Structures are given as C-alpha cells and as structure tokens.
Amino acid sequence: MSARIQLKKSFYSLVNGCGVNWYLRRKSRTRLLVLNYHGVVAEEHVGDDLAESADSFLHRNAISRARFCEQMEVTRKQFHHVSAGDVLDWIAGRGGLPDSPVLITFDDGFRNNATIAAPELQRLGIPAVFHLAAGYIGTDRILWPLELDQLILGWPQETFPLPDCAEEIELPKSPAQLCDLCDNARKLCKKLADSARRDYLDMLRSRHTLTLHDVDAELNEFMTWDDARTLSRNGFAIGSHTMEHPILTKLDADELCRELSESKQTIERELGTECPILAYPNGGPEDFSPAVVDAARDAGYQLAFTLLRGFNGRDTPPFEFQRVNIPSELSLAEFQAMASGLYTYLRGSA
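These lines cover the structure that appears in this document, whether it is placed above or below. (Residues numbered from 1 in each chain as written. Predicted model: local features only at pLDDT ≥ 70, side-chain atom pairs only at ≥ 80, totals over all residues. Heavy atoms only, no water.)

Things to note about the nonpolar core
Step number 1: Counting 95 residues, the largest nonpolar core has Tyr37 and Phe106 as the members making the most contacts within it.
Step number 2: Counting residues per element, this core draws most heavily on helix α8 (residues 175–191), at 7 residues.
Step number 3: Excluding its chain neighbours within four sequence positions, the residues that come into contact with Phe106 are Asn36, Tyr37, His38, Val40, Phe68, Asn113, Ala117, Leu121, Ala128, Val129, Phe130 and His131.
Step number 4: Counting 14 residues, the second largest nonpolar core, distinct from the first, contains Leu32, Val82, Val129 and Ala279. (Core = buried A, V, L, I, M, F, W, Y, C linked by side-chain atoms within 4.5 Å. Buried < 20%, exposed > 50% of the residue type's maximum accessible area, 1.4 Å probe, protein only. Helix = DSSP H or I, 4+ residues; strand = E, 2+ residues; numbered from the N terminus. Contact = heavy atoms within 4.5 Å.)

Following this line, the structure appears as structure tokens:
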C-alpha cells in the first residue's frame, strides 16, 4: 500500500476514534442521508492503488459483498433506515422521518444488485431503491461507460482515436496510463452531444468487437425483468435511470422527453407498479439543469436524485436530492467519514 493511501486511512481512523464523525452525525441528525451504490460483487477487487490494476479500476464502483455488509451493519447502528415511500411522504408533507435517517439506493440495474445486494439487504431488514437503465434490462448489452473502459483496455491496435482529436494518439503501454486514457475518453464523451457520443462508440465497435462473453459477467451483466419484478415483490422500490443512460443535458428536448417518459412507462408496464423516482445518469452539476428538472416533473416523477454530496432537508428541492456515492476502495473509517459528511467537508475545504 502506498504511503499516501496509508496516511489517508490512518487519518480517517484517527478522526473517527476522536468522535468527529459522531459529532457531525448529531449535528445533521434531522436531515436525510442518501447513500448510492452501483455494483456489489462476491469477492474483493481492490488493489493497493486503483491506477496500478485494470481489474481494480474496472471495479471502482463495485463493492465486495463483505464490505457492503460491513457498511450496512454500521448504518444500522448509527442511522435509522427509511424507505422510498417514507421519503416521498416526507417531501409531500404527509409525515416525518426519524432522527438520523438514511436511504440506500443503487444505480444502473446490474444483476448483482438482485443476486448479491438484495438478499443481504433483506437479511438485515434494510429497504432500498434500485434505479434501472431500462433499455439495458434483460439484454446482453454492456453499459456504455463500462464498455468504453473495456474497449480501451483491450484495444488491439497501436493507436487510439479520442473523440476530440483529428489524429489518433499512441496507445499507452502501462496499466496506469491506460486507466488514465479511459478516464479522459469517458469525460470527453460525456461532453459530447448524445448523437455524437453514440456515433463515436459505434466507430470504436466497428474496430474492436466486444460482447458480454469477453468481460466479467458478474460486474457487467444486467438484471432481467423477472429479477426486477422479484425485487418489487420483495418490497424494494424500483426507480428510473433513463432508457440509455445518456447525459441528459446533452439531449434535445424531444430526446429528453423520450428518455424520461419511456423509461418510466416501461418500468410501470413491466412491474405493474408506479415509478415516481428518477436518478440522473452521472448526476453531477453539469448533468441536470432547469430544463431537465422541468422535463422530469412533466414526465410524472415526484423525486429525482443527483450525485452531489450532501444531506437533504425539507428545504432541498425534490428534483435535486443529494446522494453520497460509495466507491469500492473505502476503508470502514473512510466510509464513516463519508456518511457523517466529514469527507465532503474536507474535500470542499481543500
């Protein structure tokens, strides 16, 4: 483990032992914490440094079962778990929430959510919301940001075309440099108009074919509609994560309306239940806008989640609810710092 990583883990262990996290949790106990996950896999895939391992890099948003259970046990001791229905009632003024409320959410709709995460949540009696990218459910497709990473990591040619370059760049050799290229290409794609992003990915696919059989199925496979129906029958809430997981601010008005309305209608048709909750793909400050909020409201949603770190109160706009995303490599002390708000405070103060 690098000295920098060890120092960071030691720092968060020290502040947790000093009661800083306890104080911050008490200070924000009347506000709602929403935690967000993507994948939960059977085994640990975290190396000493994400940049040194392509496998760790690909699993950066996929936490191990053991680590997930450890975190859920912490939340059961330090927070009161609430359901999506509790939160919807709260924002509508139909009820209150207990002190230190926390809601667990998942994005994308990976099958490991249904086969690994959900059984552990049921065992612990913890409610959750699973947001589905409806166009991927029941298919053998790979979510496009993960597909882009894996296209680059397995690129068979000596040069690679970035979306904003007239000339191709030389393909890096080291794992760390390849991971950096993945990050750069993904960020550039998210800035493109969605039609340009789709064209770029189609061009890459024409030069390097990649199927679900070529990648880690546990990490990449999406749940079926039967999986989603089982989750719903077991009391979990099912939300929308659009159809195709585009950056919503990069769509024209008709495309935006279609992504939001079609995903909601598809989920409601397949599950036979209402779908009042949306999670914006990517969820950063540049990924939603007043126009996106208006379109979400017009589509019939009542609540929408971002990935802006913070707690939520009655003063939080219901289409701008904040969540704390939990990556794979957190130590337990780091997780507690994220759940208390300390991590976000220190990042904002840096």
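Quick word on the packing of aromatic side chains
Step number 1: For the structure shown, the criterion picks out 13 aromatic pairs.
Step number 2: For the cation-ring pair, Arg141 lies above Tyr136, with the distance from its terminal atom to the ring centre recorded as 4.1 Å. (Phe/Tyr/Trp six-rings, centres within 6.5 Å; stacked < 30°, edge-to-face > 60°. Lys NZ or Arg CZ within 6 Å of the ring centre and 35° of its normal.)

A look at the pairing of strand β6 (residues 128–132)
Step number 1: Burial runs high along β6: 5 of the 5 residues are buried.
Step number 2: Burial along β6 is two-sided: the residues Ala128, Phe130 and Leu132 and Val129 and His131 are all buried.
Step number 3: When strand β5 (residues 101–106) meets β6, the two strands line up parallel, connected through 3 bridges. The partner of Phe106 across the bridge, within β6, is Phe130.
Step number 4: After leaving β5, the chain enters helix α6 (residues 111–124) and then returns to the sheet as β6, a path that is right-handed. (Pairing = 2+ DSSP bridges. Right-handed = clockwise from strand over helix to strand, strands pointing away.)

Quick look at the environment of Gly85
Step number 1: Along the chain, Gly85 turns up in helix α5 (residues 84–91).
Step number 2: With a relative accessible area of 35%, Gly85 lands in the partly exposed category.

Some thoughts on the side chain of Asn113
Step number 1: Tracing the backbone shows Asn113 in helix α6.
Step number 2: Asn113 gets classed as buried once you look at its relative accessible area, which sits at 0%.
Step number 3: Asn113 has contacts with His38, Gly39, Val40, Phe106, Asp107, Ala118, Phe130 and Met223, leaving out every residue within four places of it along the chain.

Describing the pattern of salt bridges
Step number 1: Overall, the coordinates contain 21 salt bridges when judged by the stated rule.
Step number 2: The partner of Asp89 in a salt bridge is Arg94, with the nearest N and O atoms 2.9 Å apart.
Step number 3: According to the relative accessible area criterion, Asp89 is partly exposed, its value standing at 32%.
Step number 4: A salt bridge links Arg197 to Asp194, with the nearest nitrogen and oxygen atoms 2.8 Å apart. One end of the pair, Arg197, and the other, Asp194, are both in helix α9 (residues 194–207), 3 residues apart, so they sit about a helical turn from each other.
Step number 5: Classification of Arg197 as buried rests on a relative accessible area of 5%.
Step number 6: The exposure class assigned to Asp194 is buried, which follows from its relative accessible area of 5%.
Step number 7: Here the salt bridges share partners, and the residues they tie into one network are Arg60, Asp149, Asp183 and Arg186. (Salt bridge = Lys/Arg side-chain N within 4 Å of Asp/Glu carboxyl O.)

Remarks on the packing of helix α2 (residues 20–27) against helix α14 (residues 332–340)
To describe two helices that pack against each other, one gives the angle between their axes and the distance between the axes.
Step number 1: For the pair α2 and α14, interaxial distance at closest approach is 9 Å and the crossing angle is 25°. In terms of orientation, α2 and α14 fall into the roughly parallel class. Seen from above, α2 lies across α14 with left-handed handedness. Two secondary-structure elements touch here, α2 through Asn21, Leu24 and Arg25 and α14 through Ala333, Gln336, Ala337 and Ser340.
Step number 2: Across the contact of α2 with α14, the residue classes tally to 3 nonpolar, 3 polar and 1 charged. (Axes fitted to C-alpha atoms, helices over the stretch in contact; angles between N-to-C directions. Parallel < 35°, antiparallel > 145°, perpendicular 65-115°, else oblique. Left-handed = near helix turned anticlockwise from the far one by under 90°. Nonpolar A, V, L, I, M, F, W, Y, C, P; charged D, E, K, R; others polar.)

Here's the deal with α9
Step number 1: Compared with the 20 Å implied by 1.5 Å per residue over 14 residues, the 20 Å span of α9 between its first and last C-alpha is a close match.
Step number 2: Listing the buried residues of α9 in full gives Asp194, Arg197, Tyr200, Leu201 and Leu204. The arc that holds every buried residue of α9, seen down its axis, measures 120°, which confines them to one face. Among the exposed residues of α9, those pointing more than 90 degrees away from its buried face are Asp199 and Ser206.
Step number 3: In this fold, the buried residues of α9 make contact with α7 (144–153), β7 (159–160) and α8. (Expected span 1.5 Å × (residues − 1). Arc of directions from axis to C-beta.)

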